[in-house]
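The lines below spell out each chain.
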Amino acid sequence: MRRIVTWPLACSLLACALSGCSRPTDQPNFIIIFTDDQGYGDTGRYGAVGFDTPNLDRLADEGLRFTDFYVPATVCTPSRAALMTGSYPKRVGLHEAVLFPYSEHGLNLDETTIPELLQPLGYRTGMIGKWHLGHQAEFMPTRQGFSYFFGVPYSNDMDGFLYRDRGFQSPPLPLYEDEAVVEDGPDQAQLTRRYTEAAVQFIEDSRDGPFFLYLAHNMPHLPLHASEAFSGTSERGLYGDVIQEIDWSVGRILATLEATGLDERTVIVFTSDNGPVLRPNAGSAGGLRGGKATTWEGGSRVPAIVRWPSSIRAGSVSGEIATTMDLLPTLVSLAGGAMPEALVVDGFDITALLLRPETEPSPYDALYYYSRDGLPEAIREGPWKLHVAKSRGWNPADGDFPVSLYNLAEDASETQNLALGHPDLVERLRDKLTLFDAALTRDARPVGTRDPG
Ligand code: MG
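Keep in mind the model is a prediction, meaning the values are calculated, not measured.

*Asks:* Where do I start with the overall build of the protein chain in this structure?
*Replies:* Tallying secondary structure elements over the protein chain gives 10 helices and 18 strands in all. By the compact-globule yardstick of 22 Å for 453 residues, the protein chain fits well, its C-alpha radius of gyration being 21 Å. Across its three principal axes, the protein chain shows a C-alpha extent of roughly 70 × 55 × 45 Å. By element, 51% of the accessible surface of the protein chain is carried by carbon and sulfur atoms, the whole surface being about 17,400 Å². Each charge class in the protein chain can be summarised by its mean position, and for the 38 positive and 60 negative side chains these summaries are 1 Å apart.

*Asks:* Sorry if this is basic, but what is going on with the domain arrangement of the protein chain here?
*Replies:* One widely used convention gives an interface's size as the accessible area the parts lose upon coming together. Considered domain by domain, the protein chain is made up of domain 1 (9–355) and domain 2 (367–449). Between domain 1 and domain 2, the C-alpha centre-to-centre distance is 27 Å. Contacts between domain 1 and domain 2 engage 35 residues on the former and 35 residues on the latter. Carbon and sulfur atoms supply 52% of the area that domain 1 and domain 2 bury against each other, a total of about 3,000 Å² over both sides. Together, Lys90, Thr295 and Trp296 form the three largest contributors to the area buried by domain 1 at its contact with domain 2, with a combined 25%. At the junction of domain 1 and domain 2, the tally comes to four salt bridges. As a salt-bridge pair, Arg380 and Asp68 come within 2.8 Å of each other at their nearest N and O atoms. For the side of domain 1 that touches domain 2, a count of residues per class yields 15 nonpolar, 11 polar and nine charged.

*Asks:* What's the story with the coordination of the magnesium ion in this structure? I'm lost.
*Replies:* Metal coordination angles have textbook ideals: 109.5 degrees for a tetrahedral set of four donors and 90 or 180 degrees for an octahedral set of six. With distances of 2.1 to 2.7 Å, the protein atoms coordinating the magnesium ion are Asp36 (OD), Asp37 (OD), Cys76 (SG), Asp273 (OD), Asp273 (OD) and Asn274 (OD1). Around the magnesium ion, the six donor atoms are arranged such that angles at the metal cover 53 to 158°; this shape is classified as irregular. Here the donor residues for the magnesium ion map to a single chain with the spacing D-D-x38-C-x196-D-N. With a gap of 237 residues between them, Asp36 in the loop between β1 (29–35) and α2 (54–61) and Asp273 in the loop between β11 (266–272) and α7 (297–300) connect regions that are remote in the sequence. The buried category is assigned to Asp36, whose relative accessible area is 0%. Judged by its relative accessible area of 0%, Asp273 is buried.

*Asks:* Just checking my understanding: could you explain the pairing of β11 for this structure?
*Replies:* For a regular strand, side-chain orientation follows a simple rule: the groups alternate between the two sheet faces. With seven of seven residues buried, β11 lies mostly within the body of the structure. With burial as the criterion, each face of β11 is covered, one bearing Thr266, Ile268, Phe270 and Ser272 and the other bearing Val267, Val269 and Thr271. One ladder, built from seven bridges, connects β1 with β11; its direction is parallel. Each residue of the ladder has a partner; that of Ile33, found in β11, is Phe270. Where β11 meets strand β12 (residues 304–307), four bridges bridge the pair, whose relative direction is antiparallel.

*Asks:* What's the story with the nonpolar core in this structure? I'm lost.
*Replies:* In summary, soluble globular proteins display a tendency toward joint burial of nonpolar side chains. Formed by 50 residues in total, the largest nonpolar core has its most connected members in Ile31 and Ile128. Residue assignment for this core shows that the elements contributing at least two residues are β1, α2, β5 (148–152), α5 (191–205), β10 (211–216), α6 (237–259) and β11. The next biggest cluster of nonpolar side chains, apart from the first, holds 48 residues, and it includes Tyr176, Val302, Val306 and Leu331.

*Asks:* Sorry, what's going on with the packing of α5 against α6 here?
*Replies:* A packed helix pair is summarised by two numbers, namely the angle formed by the two axes and the spacing between the axes. The N-to-C vectors of α5 and α6 enclose an angle of 15°; their axes lie 10 Å apart at closest approach. The angle between the axes of α5 and α6 places the two elements in the roughly parallel class. Pair α5 / α6 crosses with right-handed handedness. When α5 is examined against α6, the residues Thr192, Arg193, Thr196, Ala199, Val200, Ile203 and Glu204 are found in contact with a partner set consisting of Glu245, Ile246, Trp248, Ser249, Arg252, Ile253, Thr256 and Leu257.

*Asks:* Honestly, the sheet that holds strand β16 (residues 376–381) in this entry has me stumped. Any pointers?
*Replies:* The pairing of strands in a sheet comes from backbone hydrogen bonds and takes either a parallel or an antiparallel form. Ordered in space as β15-β16-β17-β18, the four strands form an open sheet in which the pairing is antiparallel. Edge strands, defined here as strands with exactly one partner in the open sheet, are β15 (367–370) and β18 (404–407). Sheet twist, expressed as the mean angle between neighbouring strand axes with direction ignored, is 15°. Across four bridges, the pairing between β16 and strand β17 (residues 384–387) is antiparallel. Paired with Ala378 across the bridge in β17 is His387.

*Asks:* Is there a simple way to think about the sheet that holds strand β4 (residues 124–130) in this case?
*Replies:* Read across the sheet, 10 strands follow the order β9-β8-β5-β4-β10-β1-β11-β12-β2-β13 without closing on themselves; strand pairing throughout is mixed. Each edge of the open sheet carries a strand with a single partner, namely β9 (180–184) and β13 (316–318). Averaged over all adjacent pairs, the angle separating strand axes in this sheet is 15°, with direction ignored. Running at roughly 160° to β1, helix α8 (residues 327–334) makes contact with β1, β10 and β11 of the sheet.

*Asks:* For this particular structure, what's the right way to read the packing of aromatic side chains?
*Replies:* Aromatic ring pairs: the centre-centre distance and the angle between the two ring planes describe each pair. Following the criterion strictly, the structure yields 28 aromatic pairs and no others. Considering the side-chain rings of Phe100 and Tyr102, the 5.4 Å spacing of their centres and the 10° angle between planes classify their relative orientation as stacked. On the accessibility criterion, Phe100 (25% relative accessible area) is partly exposed. Here the aromatic residues Phe34, Trp131, Phe146, Phe212 and Tyr214 are joined through ring pairs into a cluster of three or more. Geometry around Tyr46 places Arg65 over its ring, the cationic atom sitting 4.7 Å from the centre. Between the NZ or CZ atom of Lys390 and the centre of the ring of Trp296, over which it lies, the distance is 5.0 Å.

Definitions and limits used
- Residues numbered from 1 in each chain as written.
- Predicted model: local features only at pLDDT ≥ 70, side-chain atom pairs only at ≥ 80, totals over all residues.
- Heavy atoms only, no water.
- Helix = DSSP H or I, 4+ residues; strand = E, 2+ residues; numbered from the N terminus.
- Rg over C-alpha atoms; globule rule 2.2 N^0.38 Å.
- Areas by Shrake-Rupley, 256 points an atom, 1.4 Å probe, with all protein chains shown as cover.
- Lys, Arg positive; Asp, Glu negative; His and termini not counted.
- Charge placed at Lys NZ, Arg CZ, Asp CG, Glu CD.
- Domains from an automatic or database assignment.
- Contact = heavy atoms within 4.5 Å.
- Buried area = accessible area lost by both parts, 1.4 Å probe.
- Salt bridge = Lys/Arg side-chain N within 4 Å of Asp/Glu carboxyl O.
- Nonpolar A, V, L, I, M, F, W, Y, C, P; charged D, E, K, R; others polar.
- Donors = N, O, S within 2.8 Å, 3.2 Å for Na, K, Ca; no water.
- Tetrahedral: all angles 85-135°; square planar, octahedral: opposite > 155°, others 65-115°.
- Buried < 20%, exposed > 50% of the residue type's maximum accessible area, 1.4 Å probe, protein only.
- Pairing = 2+ DSSP bridges.
- Core = buried A, V, L, I, M, F, W, Y, C linked by side-chain atoms within 4.5 Å.
- Axes fitted to C-alpha atoms, helices over the stretch in contact; angles between N-to-C directions.
- Parallel < 35°, antiparallel > 145°, perpendicular 65-115°, else oblique.
- Left-handed = near helix turned anticlockwise from the far one by under 90°.
- Phe/Tyr/Trp six-rings, centres within 6.5 Å; stacked < 30°, edge-to-face > 60°.
- Lys NZ or Arg CZ within 6 Å of the ring centre and 35° of its normal.

Next comes the structure, spelled out in structure tokens:
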């Protein structure tokens with residue numbers, strides 16, 4: 001892979017090497033905290049009820065909170081593919097639902113991930129938690145740019161599960177350290193705490209940095225588990241307990257950054273991989289329609305907070321459209337690198353939006369929503385969102401899905417279908433969605449398959 005060190009950074013690295021300093025001071029550390037199925041309404045500043053998130057509230061109060069931040073897929077594997085590659089999942093061939101313990105494919109090794117772009121810029125790269133981009137040895141995090149991995153290869157409900165339709169019995173959930181399985185079927189009530197301890201250790205070991213830490217909690221994906229210290233602590237049952245433990249984890253990371261003197265120059269991004277699972281006693285989409293596996297706002301819109309004390313104004317709020325696909329180009333830019341010219345991604349460098357949220361517009365001309373099986377279902381342009389199809393989140397007993405147009409600025413809950421009154425807009429947005437998907441399908445790159453040799 002070509003190196004992407006820019007001249008100013010190369011000069012500062014050279015000066016650093018000559019003078020013997022431990023690191024260039026202009027490269028921030030990055031921590032992405034990615035939770036699993038945590039809804040839009042499931043943190044304090046987004047209106048959570050029945051549990052407290054004082055540390056997430058602190059992140060928001062000391063940083064920037066997005067109200068219109070999206071994931072481009074509403075189930076685990078494609079959402080994670082988008083985060084790691086900066087692209088719509090269909091572009092990298094991982095748009096069809098999720099990987100299972102019997103799956104043979106994964107994220108193609110020819111794809112370029114965030115850690116693969118940061119490593120040549122001098123970053124130490126670590127991943128802790130749930131991967132879900134291929135559990136065969138050749139697809140694991142240590143082969144995709146991470147020099148350290150502690151976690152599990154897929155979802156926590158795939159732990160010793162019998163897939164009757166395939167006659168496949170999955171093994172106990174394997175817990176990895178780098179490329180070795182160190183435990184079979186770990187106690188899931190301890191996972192959030194153990195991931196946090198590993199994260200604290202990684203930060204302390206990286207104090208001479210810069211570093212990139214991707215912390216992808218298994219929780220609050222079902223089945224829910226909280227440690228004894230958090231069980232019964234909230235008014236929202238086990239779900240609230242689980243979020244309060246995740247919030248404790250955020251607090252431990254903040255305390256570690258302060259103790260190591262890294263706080264000012266560390267960018268923390270907190271977000272979720274998709275909306276809440278639509279079951280009783282689970283998460284909340286905070287009044288948005290739908291949830292996980294649907295292309296209503298409740299599936300696609302997630303809480304997102306970015307804190308960077310040295311550069312982002314405390315208490316900022318942005319209503320502009322941004323997505324997890326933006327993190328790859330943005331982190332590369334903040335690290336002093338440049339995107340490889342030949343690399344096609346769908347996300348944007350949103351550095352300007354982070355630094356000037358009051359005045360900078362979203363870079364998105366339109367946002368495209370894909371079903372859990374990778375079919376185009378909706379498009380957003382400015383405040384307008386058009387739905388053309390629904391594979392989930394629509395009751396077939398209600399008849400065929402009617403093409404639906406909503407003005408999200410006035411109706412974020414998608415309750416007033418305005419399609420009949422705006423036939424020209426409906427036609428234009430439908431054509432735009434069709435054209436985009438045709439181009440994406442034409443340019444899609446292949447999923448990773450196992451080397452038969
Ligand atoms: Mg998920």
